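# Observations on chain architecture
These are the residues of each chain, in order.
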Amino acid sequence: QSNKKLSLDAVSSPNMIKDDSTAPQLITFREPQTNVTVILVGAMHYNPASIKLARETVDNLGSKEQLGSVIIESCDIRWNDTGVDENGLEAKFAKNFLTNEMRAAHDTSLQYSRPVILGDQRINITGSRIGEITKQAVVDLASPFNG
């Protein structure tokens, strides 16, 4: 498993793939080190249009046998808090009332027996970093000529 992060350079020319037939929320590019085609789905969490776009994008690729895997913008801590267990089973409440684009992509990917990868930094790391940055901001505001 690689700890390399995708840089913004990967989504700029010449790796960008222009396709006028796709939704403006989809960015398609080739990852330069592996030459694998990547499609990023821009989404607003819990928005019905985003849920539909995520589901349809994964379904379209899966039905054409072009789906390699799905990477979800979540970490294991947040994902496990959504009611999905290690077998992909979810609480009835979560499924009925908390459907989101990540769950739609997850469920659709599993229909095609494709792997789902949690691709975000763990929330506890993000939370501690936010705390550090907030403290530094308060110090900077309290001493504007020193910060």
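Below or above, wherever it landed, is the structure these notes cover. For every chain, the first residue of the written sequence is number 1, and numbering continues from 1 onward in sequence order. In keeping with the model being predicted, local features are shown solely for residues with a pLDDT of at least 70 and side-chain atom pairs are shown and tallied solely at 80 or more, while totals for entire chains, interfaces and linings include all residues. As a convention, hydrogens and water are excluded, and side-chain values are obtained from all of the structure's heavy atoms.

Put simply, DSSP marks the helices as runs of H or I at least four residues long and the strands as runs of E at least two long, and each gets a number from the N terminus on. Looking only at helices and strands, the chain features five helices and four strands. Mapped in sequence order, the helices and strands of the chain form the string β-β-α-β-α-α-α-β-α. Here the term buried applies to any residue with accessible area under 20% of the maximum for its type, exposed to any over 50%, and partly exposed to those in between, with areas from a 1.4 Å probe on protein chains only. Within the chain, the fraction of its 147 residues that count as buried is 22%. For this analysis, residues touch if any pair of their heavy atoms sits within 4.5 Å. By sequence separation, contacts in the chain at least 24 residues apart represent 54% of the contacts at least 6 residues apart. Here the chain has roughly 10700 Å² of accessible surface; of this, 55% comes from carbon and sulfur atoms. Note on areas: Shrake-Rupley with a 1.4 Å probe; residue coverage comes only from the protein chains shown.

In plain words, nonpolar cores are sets of buried Ala, Val, Leu, Ile, Met, Phe, Trp, Tyr and Cys residues tied together by side-chain atoms within 4.5 Å. Within the largest apolar cluster, nine residues are counted, these being Ala54, Val58, Leu61, Leu67, Val70, Ile72, Trp79, Met102 and Ala105. The element best represented in this core is helix H1 (residues 48-63), accounting for three residues. For methionine 102, the residues in contact, after removing those within four places along its chain, are His45, Ile72, Glu73, Ser74 and Trp79.

Turning to the packing of H1 against helix H4 (residues 101-111), a few remarks are in order. Contact geometry for H1 and H4: axes closest at 8 Å, N-to-C directions at 20 degrees. Between H1 and H4, the angle is such that the two are roughly parallel. Viewed along their axes, H1 and H4 form a crossing whose handedness is right-handed. Between H1 and H4, the residues in contact are Ser50, Ile51, Ala54, Arg55, Val58 and Asp59 and Glu101, Ala104, Ala105, Thr108 and Ser109, respectively. Here the contact of H1 with H4 is built from residues that sort into five nonpolar, three polar and three charged. Each axis is a line fitted through C-alpha atoms, taken for helices only over the stretch in contact, and angles between the N-to-C directions span 0 to 180 degrees. Small angles under 35 degrees read as roughly parallel and large ones over 145 as roughly antiparallel, with 65 to 115 read as roughly perpendicular and the rest as oblique. Here is the rule for handedness: rotate from the far helix to the near one, and if that takes an anticlockwise turn smaller than a right angle the crossing is left-handed, while a clockwise turn gives right-handed. Residues are grouped as follows: Ala, Val, Leu, Ile, Met, Phe, Trp, Tyr, Cys and Pro are nonpolar; Asp, Glu, Lys and Arg are charged; all remaining types, including Gly, are polar.

Spatial relationships are all this shows, so hold off on functional conclusions.
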